[in-house]
Amino acid sequence: MLKHIGVFFGSRSPEHDISILTAMRVFEGFRELPEYRAVPVYINKKGEWFSGAALADVSFFQAGRVEENLKPYAVEALSFGDGALFLHPRRRFFKKGKPLRLDLAFPCFHGSFGEDGTIQGLFEMAGVPYVGCGVRASAVAMSKIDARRLFREAGVASVPAFEVTREAFKKDRAAALAEAEKKFPFPFFVKPNALGSSIAVSRVADAKELEWALEIVFQFDTIALVEPAIPNIKEVNVAVIGHRELVVSETEEPRFEAAFQTFEEKYVTKGGTIAQSGGKKSKSRSRIPADLPTAVADQLKGAAVRAFRAIGASGISRFDFMVNAETNEWYLGEANTLPGSLQVHLWVASGVSLPQLLVKLIGYADERHAEEAGLLRPGADRLLAPA
């Protein structure tokens with residue numbers, strides 16, 4: 001029987017457009033899997049839901065007048081039942097559309113309102129299996145400071161950081177700046193605690209730049225992290241898929257020209273996510289495997305597995321390490337529970353094609369769903385039982 005997979009993307013997140021690119025890559029893979037029907041479920045920046053086959057083509061979002069063109073695809077309501085989620089299209093000319101059944105959800109969100117456990121909670125309430133991490137793991141991984149506490153408990157070294165809250169910054173700016181300046185020598189980095197894709201990340205060289213950087217972060221988040229600049233830095237990524245049995249990718253070393261991997265280098269320039277989504281001719285700027293001693297690469301792979309387990313991840317995650325290229329000392333920076341474009345290029349280099357990756361992720365989702373469905377859900381039903 002044809003299985004309907006709801007591919008969810010967009011949302012109110014600052015990483016909205018990146019989510020669209022990831023979804024387009026997923027649709028590309030499903031075109032080679034006739035046993036599945038991929039159903040686009042797009043959420044715009046206002047939180048409105050839409051569904052229609054036209055939304056599976058990136059040209060829809062590049063043509064302009066997107067909001068106006070979306071109107072025929074509006075979703076009026078959702079309903080749950082029989083282990084599925086149903087989309088109810090908006091009435092057109094007094095004609096009620098037929099509800100569309102989704103047997104499994106495939107979220108492609110990035111950042112807030114999707115990668116942070118919010119949409120996962122909806123799927124849990126609906127009783128629908130879904131790809132990727134559950135509510136807890138998604139929420140924990142979204143907060144770098146909370147995830148790093150769990151990493152350290154699991155014996156995985158993580159990047160040290162000092163927290164500056166927006167409340168403290170507003171209350172006494174001078175004191176907050178003075179406290180932050182004492183933690184690490186300039187230059188150091190300032191970034192949001194719960195945002196990805198290098199948005200609002202700054203390398204600061206003095207007190208004035210620190211103040212500007214914090215002002216930028218607090219436009220997006222309520223907590224800023226101040227982190228030391230690791231000397232001779234090399235970023236190395238390791239991806240992990242699975243549920244009980246895990247598969248670890250090759251190591252990847254993204255190449256970038258700035259002091260850190262910027263949004264543009266991560267997504268726009270040749271080898272970034274947009275380039276990778278554009279076809280097979282794109283030449284990646286990453287080195288796979290990373291230029292590391294075998295022993296260090298093995299350490300990072302082992303740390304990725306421990307970190308995956310520490311946050312209770314499932315399905316897929318990517319772990320971003322910072323390595324001192326001279327000493328090979330390393331730290332884990334963060335976990336990405338819905339990595340941009342699913343790290344398809346990394347999995348292909350590791351011997352897993354895009355269609356194979358999608359099938360594996362659906363299998364892990366079904367495995368976790370069946371496991372959790374077998375748990376007892378005790379309640380107080382007898383309180384209202386007839387006397």
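None of the values given here were measured: they were computed from a predicted structure.

Peer 1: What should I look at first to understand the overall build of the protein in this one?
Peer 2: When you go through the protein residue by residue, the secondary structure sums to 14 helices and 15 strands. Sequence separation of at least 24 residues holds for 66% of the intrachain contacts in the protein that already meet a minimum separation of 6. Counting every atom, the protein has about 18400 Å² of accessible surface; 54% of that belongs to carbon and sulfur.

Peer 1: What should I look at first to understand the packing of aromatic side chains in this one?
Peer 2: Each aromatic ring pair is summarised here by two numbers: the centre-to-centre distance and the angle between the ring planes. Throughout the structure, instances matching the rule amount to 16 aromatic pairs. Between Phe9 and Phe61, the ring centres sit 5.9 Å apart and the planes meet at 80°, which makes this aromatic pair edge-to-face. Taken together, the positions of Phe9 in strand E1 (residues 3–10) and Phe61 in helix H2 (residues 59–62) put the pair 52 residues apart, joining distant regions of the chain. The class of Phe61 is buried, set by a relative accessible area of 15%. Between the aromatic rings of Phe186 and Phe188, the centroid separation amounts to 4.7 Å while the plane-to-plane angle is 15°, which identifies the pairing as stacked. Overall, Phe188 belongs to the buried group, its relative accessible area being 0%.

Peer 1: Sorry, what's going on with the nonpolar core here?
Peer 2: Generally speaking, soluble globular proteins have nonpolar side chains that are buried together. Counting residues in hydrophobic clusters, the biggest one holds 39 residues, and the most contacted among them are Phe9, Phe30, Phe61, Phe106, Leu342 and Leu361. By residue number, the principal contributor to this core is helix H14 (residues 354–373), which donates 7 residues. Membership of the second largest hydrophobic core comes to 29 residues, among which are Val140, Ala304, Ala307 and Ala310.

Peer 1: Sorry, what's going on with the sheet that holds strand E13 (residues 246–252) here?
Peer 2: Taken together, the 4 strands give an open sheet; going across it, the order is E13-E12-E14-E15, and neighbouring strands pair in antiparallel fashion. The open sheet is flanked by E13 and strand E15 (330–336), the only strands paired with a single partner. Strand-to-strand twist of the sheet, defined as the mean angle between neighbouring strand axes without regard to direction, takes the value 25°. As judged from the 6 bridges shared by strand E14 (residues 315–324) and E15, these two strands associate in the antiparallel manner. Bridging across to E15, Phe319 finds its partner in Ala335. Sitting on the sheet, H14 touches strand E12 (233–242), E13 and E14, and the angle it makes with E12 is about 60°.

Peer 1: Mind showing me how you'd approach the packing of helix H5 (residues 135–142) against helix H6 (residues 144–153) here?
Peer 2: Where H5 contacts H6, the axes come no closer than 5 Å and their chain directions differ by 105°. With respect to H6, the axis of H5 lies roughly perpendicular. Across the interface between the two elements, Arg136, Val140, Ala141 and Met142 from H5 touch Lys144, Asp146, Ala147 and Leu150 from H6. Grouping the amino acids of the contact of H5 with H6 by side-chain chemistry returns 5 nonpolar, no polar and 3 charged.

Peer 1: What is the right way to look at the confidence of the model for the protein in this model?
Peer 2: It should be kept in mind that the predicted coordinates are not to be read in detail where pLDDT is low. Per-residue confidence for the protein gives a mean pLDDT of 90, with 89% of residues at or over 70. Every residue in residues 262–275 is under pLDDT 50, and counting partners more than four places away or in other chains gives 38 contacts. pLDDT under 50 marks residues 277–282. Its contacts with residues more than four places away, or in other chains, come to 6 contacts.

Peer 1: Would you explain helix H9 (residues 207–217) in this entry?
Peer 2: In an α-helix, one full turn covers 3.6 residues, which means residues spaced three or four apart are oriented alike. If you check which residues of H9 are buried, you get Leu210, Glu211, Ala213, Leu214 and Val217. One side of H9 holds all its buried residues, which, seen down the axis, span an arc of 165°. Here the buried face of H9 lies against strand E8 (162–165), helix H7 (166–171), helix H8 (173–183), strand E9 (188–192), strand E10 (202–204) and strand E11 (223–228). The backbone nitrogen of Lys208 lies 3.2 Å from a side-chain oxygen of the residue at the head of H9, namely Asp206.

Conventions and cut-offs
Residues numbered from 1 in each chain as written. Predicted model: local features only at pLDDT ≥ 70, side-chain atom pairs only at ≥ 80, totals over all residues. Heavy atoms only, no water. Helix = DSSP H or I, 4+ residues; strand = E, 2+ residues; numbered from the N terminus. Contact = heavy atoms within 4.5 Å. Areas by Shrake-Rupley, 256 points an atom, 1.4 Å probe, with all protein chains shown as cover. Phe/Tyr/Trp six-rings, centres within 6.5 Å; stacked < 30°, edge-to-face > 60°. Buried < 20%, exposed > 50% of the residue type's maximum accessible area, 1.4 Å probe, protein only. Core = buried A, V, L, I, M, F, W, Y, C linked by side-chain atoms within 4.5 Å. Pairing = 2+ DSSP bridges. Axes fitted to C-alpha atoms, helices over the stretch in contact; angles between N-to-C directions. Parallel < 35°, antiparallel > 145°, perpendicular 65-115°, else oblique. Nonpolar A, V, L, I, M, F, W, Y, C, P; charged D, E, K, R; others polar. pLDDT = per-residue confidence, 0-100. Arc of directions from axis to C-beta. Polar contact = N/O pair within 3.5 Å; in protein donor to acceptor, adjacent residues only side chain to side chain.

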